[in-house]
Amino acid sequence: MAANQTHQAIETVFRIEQARLIGGLARMVRDVSLAEELAQDALVTALSEWPKTGVPKNPGAWLMAAAKRRAIDGFRRKKMLVRKHAEIGRDLDSERDTSVEDVEAALDDDLGDELLGLIFAACHPVLSAEARAALTLRLIGGLTTDEIARAFLSNEAAIAQRIVRAKKTIGNAGLTFAVPRGPERGERLSSVLEVIYLIFNEGYAATTGEDLIRPALCSEAQRLGRILAGLLPEEPEVLGLLSLMEIQASRLAARVAPDGSPILLTEQNRAHWDQLLIRRGLAALQRVETLGGANGPYALQAALAACHARARKAEDTDWQKIAGLYDTLRQVMPSPVVDLNRAVAHSMAFGPETGLARLDEIGLAAGLQNYVPLPAARGDFLFRAGRLAEAKVEFDRAADLTRNAREKAFFLARAAACSR
């Protein structure tokens with residue numbers, strides 16, 4: 001194999017193994033930054049050795065062993081430095097330092113859930129949602145700070161600082177990089193799923209910038225979801241989230257017109273929906289139902305997405321079933337946003353006036369006063385009810401509130417249509 005081919009193979013292997021490698025090392029050394037450094041050291045060693053010896057049969061294990069040897073060397077140097085300080089004036093005989101022995105013992109440990117432990121640590125609730133998302137993309141997704149900054153339309157320095165602070169917070173919290181058990185596992189799992197879905201939603205409906213969608217973020221969230229589903233194949237909500245993302249992502253190619261403007265769900269060319277992703281999503285949803293988790297929040301949202309996926313034409317959509325699913329979701333996961341989406345479903349199933357009545361029930365719910373979809377939905381209901389002057393006011397308000405350039409142009413066009 002040529003040298004450049006070997007280097008490409010090494011980089012590919014490292015990208016695949018990086019998250020698991022950092023997870024195992026972090027569990028061993030209890031320091032995310034140090035774990036990243038050790039993983040990079042292992043990569044440098046591989047780039048030096050593999051062109052001469054060839055890629056090993058188990059490259060992941062080779063990289064882990066190289067990183068652990070580096071860790072042990074570091075601990076030994078640190079221990080030697082402590083001994084030299086002791087010779088100068090401190091008597092440490094009363095306290096035996098077993099750090100090196102602990103690391104050496106870890107060479108033979110079966111770390112098992114190292115990747116899963118890293119995911120739970122990166123998504124720990126002690127961090128802000130933004131910090132969790134950035135750290136997850138860095139550690140699990142393997143994205144560079146520049147890639148994360150571009151994905152979230154931020155600057156690299158800000159993202160780098162966010163990641164550094166997140167690592168320090170995790171270190172100060174004394175996390176063990178282990179998978180939590182019992183009730184804590186359920187609580188922490190919800191945080192993990194929230195982070196992955198946050199990443200997906202920012203790709204599916206970008207909150208800022210010129211582009212309506214950022215497919216790369218959706219793809220990364222789907223990849224994270226597939227990893228998690230592979231690690232937790234019996235968790236219905238993990239599969240529910242994966243199903244939801246697969247089905248939602250199937251529409252990406254049909255969501256945006258050639259000029260970048262959004263296309264409403266009811267007006268999309270369904271021939272452009274990705275049938276492979278739909279089949280994957282429906283298969284995951286069926287597995288959820290087999291596991292008895294059909295009434296979980298993500299499972300219910302996946303079932304809603306499945307109603308659209310199964311309709312070959314917009315007019316075939318079973319809006320009454322969707323309205324019923326939203327009635328259930330409202331009980332399982334009560335929130336103003338769910339109430340808003342329920343109003344949309346009821347407007348499609350039973351008419352725009354019914355939708356307006358449901359919106360009136362929401363009232364001035366906390367957090368929705370400046371929520372773009374609220375005036376957008378009200379404007380659509382009013383437009384369909386023939387109340388065009390009122391609809392124009394709502395579309396203008398939605399245009400004023402949004403920070404996305406494509407979305408703003410879309411609402412202004414709808415407002416202009418009301419005048420015509």
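Cut-offs used in this document
Residues numbered from 1 in each chain as written. Predicted model: local features only at pLDDT ≥ 70, side-chain atom pairs only at ≥ 80, totals over all residues. Heavy atoms only, no water. Helix = DSSP H or I, 4+ residues; strand = E, 2+ residues; numbered from the N terminus. Buried < 20%, exposed > 50% of the residue type's maximum accessible area, 1.4 Å probe, protein only. Contact = heavy atoms within 4.5 Å. Areas by Shrake-Rupley, 256 points an atom, 1.4 Å probe, with all protein chains shown as cover. Salt bridge = Lys/Arg side-chain N within 4 Å of Asp/Glu carboxyl O. Polar contact = N/O pair within 3.5 Å; in protein donor to acceptor, adjacent residues only side chain to side chain. Phe/Tyr/Trp six-rings, centres within 6.5 Å; stacked < 30°, edge-to-face > 60°. Lys NZ or Arg CZ within 6 Å of the ring centre and 35° of its normal. Core = buried A, V, L, I, M, F, W, Y, C linked by side-chain atoms within 4.5 Å. pLDDT = per-residue confidence, 0-100. Axes fitted to C-alpha atoms, helices over the stretch in contact; angles between N-to-C directions. Parallel < 35°, antiparallel > 145°, perpendicular 65-115°, else oblique. Left-handed = near helix turned anticlockwise from the far one by under 90°. Nonpolar A, V, L, I, M, F, W, Y, C, P; charged D, E, K, R; others polar. Expected span 1.5 Å × (residues − 1). Arc of directions from axis to C-beta.

1. Here's the deal with the overall build of the protein chain
Counting its regular elements, the protein chain contains 20 helices and two strands. By residue count, 47% of the 420 residues in the protein chain fall in the buried class. Excluding contacts between residues fewer than 6 apart, the proportion of contacts in the protein chain whose partners are at least 24 apart in sequence is 66%. Summed over its atoms, the accessible surface of the protein chain is roughly 20,700 Å², and 51% of this surface lies on carbon and sulfur atoms.

2. Looking at the pattern of salt bridges
Taken as a whole, this structure holds 19 salt bridges when the rule is applied. The shortest N-O distance in the salt bridge between Glu184 and Arg188 comes to 3.2 Å. In this pair, Glu184 and Arg188 are both assigned in helix 9 (residues 182–204), four residues apart and thus about one turn of the helix distant. The class for Glu184 is partly exposed, based on a relative accessible area of 39%. For Glu390, the salt bridge identified is with Arg387, shortest N-O distance 2.9 Å. Salt bridges sharing common partners tie together Glu36, Arg138 and Lys167.

3. Here we look at the environment of Glu353
Topologically, Glu353 is positioned in helix 17 (residues 352–362). On the basis of relative accessible area, Glu353 is assigned to the partly exposed category, the value being 44%. With 32 residues separating them in the primary sequence, Glu353 and Ala385 have C-alpha atoms 6.9 Å apart. When residues no more than four places from it in sequence are discounted, the contact partners of Glu353 are Ala385 and Arg387. A polar contact of 3.4 Å, which involves the side chain of Glu353, links it to the side chain of Arg387.

4. Notes on the packing of aromatic side chains
Inspection of every chain in the model, using the stated rule, returns five aromatic pairs. Among the aromatic side chains, those forming a connected cluster through ring pairs are Tyr197, Phe200, Tyr204 and Tyr298. For Arg255, the ring lying beneath its charged end belongs to Tyr204, and the centroid distance is 4.1 Å.

5. Points about the nonpolar core
Of all hydrophobic cores here, the largest spans 103 residues; its most connected members are Leu25 and Leu228. Residues contacting Leu25, with those up to four places away along its chain left out, are Arg30, Ala35, Leu38, Ala39, Met64, Ala67 and Lys68. Listed in part, the 20 residues of the second largest apolar core include Ile362, Val372, Phe395 and Phe410.

6. Looking at the confidence of the model for the protein chain
Of all residues in the protein chain, 89% have pLDDT values of 70 or greater, and the mean over the chain is 85. Model confidence for the protein chain, summarised as mean pLDDT per element, is weakest for helix 4 (residues 99–106) at 45 and strongest for helix 11 (residues 236–249) at 98. Low pLDDT, under 50, characterises residues 87–112; the predicted model gives this stretch 27 contacts beyond four residues in sequence or across chains.

7. Describing the environment of Glu407
Turning to its location among the elements, Glu407 is positioned in helix 20 (residues 405–419). Residues Glu407 and Ala206, 201 residues apart in the sequence, show an inter-C-alpha distance of 9.4 Å. Those residues in contact with Glu407 that lie beyond four places of it in its chain are Val372 and Thr402.

8. Some remarks on the environment of Glu235
Within the element layout of this structure, Glu235 appears in the loop between helix 10 (215–231) and helix 11. Apart from residues lying up to four places away in sequence, Glu235 is in contact with Arg185 and Leu189.

9. Describing the packing of helix 19 (residues 388–401) against helix 20
In a packed pair of helices, the relevant descriptors are the angle between the two axes and the axis-to-axis distance. Contact pair helix 19 / helix 20: the axes reach a minimum separation of 8 Å and the direction vectors enclose 165°. The angle between helix 19 and helix 20 places the two elements in the roughly antiparallel class. Judged by the twist between their axes, the crossing of helix 19 over helix 20 is left-handed. Counting all contacts with helix 19, which are made through Leu388, Ala391, Lys392, Phe395, Asp396, Ala398, Ala399 and Asp400, the residues of helix 20 involved are Lys408, Phe411, Leu412, Arg414, Ala415, Cys418 and Ser419. Looking at the contact of helix 19 with helix 20 residue by residue, the classes come out as nine nonpolar, one polar and five charged.

10. Some details on helix 8 (residues 156–173)
Relative to the 26 Å expected for 18 residues at 1.5 Å per residue, helix 8 spans 26 Å between its end C-alpha atoms, a close match to the ideal helical length. Those residues of helix 8 lying buried are Ile159, Ile163, Ala166, Lys167 and Ile170. For helix 8, the angular spread of the buried residues around the axis is 95°, confining them to a single face. Set apart from the buried face of helix 8 by more than 90 degrees, the exposed residues are Ala157, Lys168 and Asn172. Here the buried face of helix 8 lies against helix 2 (32–53), helix 5 (114–122), helix 6 (129–139) and helix 7 (145–151). Remark: Gly174 follows helix 8 within two positions and exhibits a positive phi of approximately 70°.

11. Thoughts on the packing of helix 11 against helix 13 (residues 275–290)
Contact pair helix 11 / helix 13: the axes reach a minimum separation of 8 Å and the direction vectors enclose 160°. Taken together, helix 11 and helix 13 sit at an angle that is classed as roughly antiparallel. As for the relative orientation of helix 11 and helix 13, their crossing is left-handed in sense. Across from Pro236, Leu239, Gly240, Ser243, Glu246, Ile247 and Ala249 in helix 11, the residues of helix 13 making contact are Leu277, Ile278, Arg280, Gly281, Leu282, Ala284, Leu285, Arg287 and Val288. Among the residues making up the contact of helix 11 with helix 13, the classes are represented as ten nonpolar, three polar and three charged.

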